[in-house]
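Chain and residue survey
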Amino acid sequence: MSVLLHIAASARRDSFSRELGDAFAAAWQSANPSGTYVLRDLRTDPAPQIDEAWTELCDHVLGHGITDISRYEEAVRTPDQARAWEVLRPLLTELAAADVVLITTPMYNFSVPASLKAWIDQVTFPRMSLAGRRFVIASARGGAYGPGTPREPYDHQERYLRDFLAGHFAIDDPVFLATELVNSRIDPSLAARRAQHDESRAAALTAARELGGGIR
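In what follows, the accompanying structure is described. Here the structure is a predicted model, which is why all the values come from computation and not from measurement.

1. A short note on the pairing of strand β5 (residues 175-179)
Strand direction decides the pairing type here: strand β4 (residues 134-140) and β5, joined by five bridges, are parallel. Across the sheet, Ile137 pairs through a bridge with Phe176, a residue of β5. In terms of handedness, the path from β4 via helix α5 (residues 158-169) over to β5 forms a crossover that is right-handed.

2. Some thoughts on the sheet that holds strand β3 (residues 100-106)
For sheets, the rule is that strands pair by backbone hydrogen bonds, running either parallel or antiparallel. Strand order across the open sheet formed by five strands is β2-β1-β3-β4-β5, with parallel pairing between neighbours. The open sheet has two free edges, formed respectively by β2 (36-41) and β5, since each of these has just one partner strand. Strand-to-strand twist across the sheet, computed as the mean angle between neighbouring axes with direction ignored, equals 15°. Pairing of strand β1 (residues 3-8) with β3, which is carried by five bridges, proceeds in the parallel orientation. Bridge pairing links Ala8 to Thr104 in β3. Across the sheet, helix α6 (residues 194-214) touches β4 and β5, and the angle it forms with β5 is around 145°.

3. A few points about the side chain of Thr179
Mapped onto the fold, Thr179 is located in strand β5. Among the residues examined, Thr179 registers a relative accessible area of 0% and is labelled buried. With residues up to four places along the chain from it excluded, the contact list for Thr179 reads Phe16, Leu20, Ser139, Ala140, Arg141, His197, Ser200, Arg201 and Ala204.

4. A look at the nonpolar core
The biggest cluster of nonpolar side chains holds 39 residues, and the ones touching the most others in it are Tyr72, Leu95, Leu116, Trp119, Phe125, Phe135 and Phe169. Contributing elements (two or more residues each) for this core: β1, α2 (52-63), α3 (79-97), β3, α4 (114-123), β4 and α5. Sorting elements by how many residues they give to this core places α3 first, with six residues. Apart from residues lying up to four places away in sequence, Phe135 is in contact with Leu95, Val101, Ile103, Leu130, Leu165, Phe169, Ile171, Pro174 and Val175. Membership of the second largest hydrophobic core comes to 16 residues, among which are Leu4, Ala23, Leu205 and Leu211.

5. Structural notes on the pattern of salt bridges
Where charged atoms from two side chains of opposite charge come close, those side chains can pair. As enumerated under the stated definition, the model contains twelve salt bridges in all. The shortest N-O distance in the salt bridge between Glu19 and Arg201 comes to 2.7 Å. Note that Glu19 is positioned in helix α1 (residues 16-31) and Arg201 in helix α6, a separation of 182 residues in sequence. The partner of Arg141 in a salt bridge is Glu180, and the shortest N-O contact between them spans 2.9 Å. Placement of Arg141 in the loop between β4 and α5 and of Glu180 in the loop between β5 and α6 is noted, with a sequence separation of 39 residues between them. Each of Arg40, Asp45 and Glu94 takes part in salt bridges that share partners, so that together they form one network.

Criteria and thresholds
Residues numbered from 1 in each chain as written. Predicted model: local features only at pLDDT ≥ 70, side-chain atom pairs only at ≥ 80, totals over all residues. Heavy atoms only, no water. Pairing = 2+ DSSP bridges. Helix = DSSP H or I, 4+ residues; strand = E, 2+ residues; numbered from the N terminus. Right-handed = clockwise from strand over helix to strand, strands pointing away. Axes fitted to C-alpha atoms, helices over the stretch in contact; angles between N-to-C directions. Contact = heavy atoms within 4.5 Å. Buried < 20%, exposed > 50% of the residue type's maximum accessible area, 1.4 Å probe, protein only. Core = buried A, V, L, I, M, F, W, Y, C linked by side-chain atoms within 4.5 Å. Salt bridge = Lys/Arg side-chain N within 4 Å of Asp/Glu carboxyl O.

See the structure below:
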């Protein structure tokens, strides 16, 4: 039975990144009626920042060459470390159990929200591998940051996530979907580009549905 883990990072209840993620998830559930869908909404249930006890767990895992996720609990040796483990354990358990991981995130200040970074910090340990899982990132950006655009060099959202997934999780084939120019709906200086936003939104929604329905 396949498992889809959906990490939703937008601070907004009604957002364009959530819209894309919901379209993907609905299509995936329709194509996988016996599958399990797990939503981790970082707006209502945020992951806390890592603390010193978490770093001690990380150091133990690294120093003892532990790469099997099921053995990470061996690093717990103090009450503070036990409390840190109880925070990260359900997050890590969800991630390790997933076959497909869907991350829906806006671009904030050229990168990812602090809520998503906090989740990433909690679940990431040295030399851990999630190879074999499918990762899909559905994003929304206020401007246009695609290849060849003037603002492409400022895109530290997709570039960061690609580098992170490859460097830490051994995921070399994530799929990215994006609705761009969402600020054209409210920013007078971008109003002339509203049609481009509408086209980007429609194309991203179509791609999300097709991709979600094609993963089994």
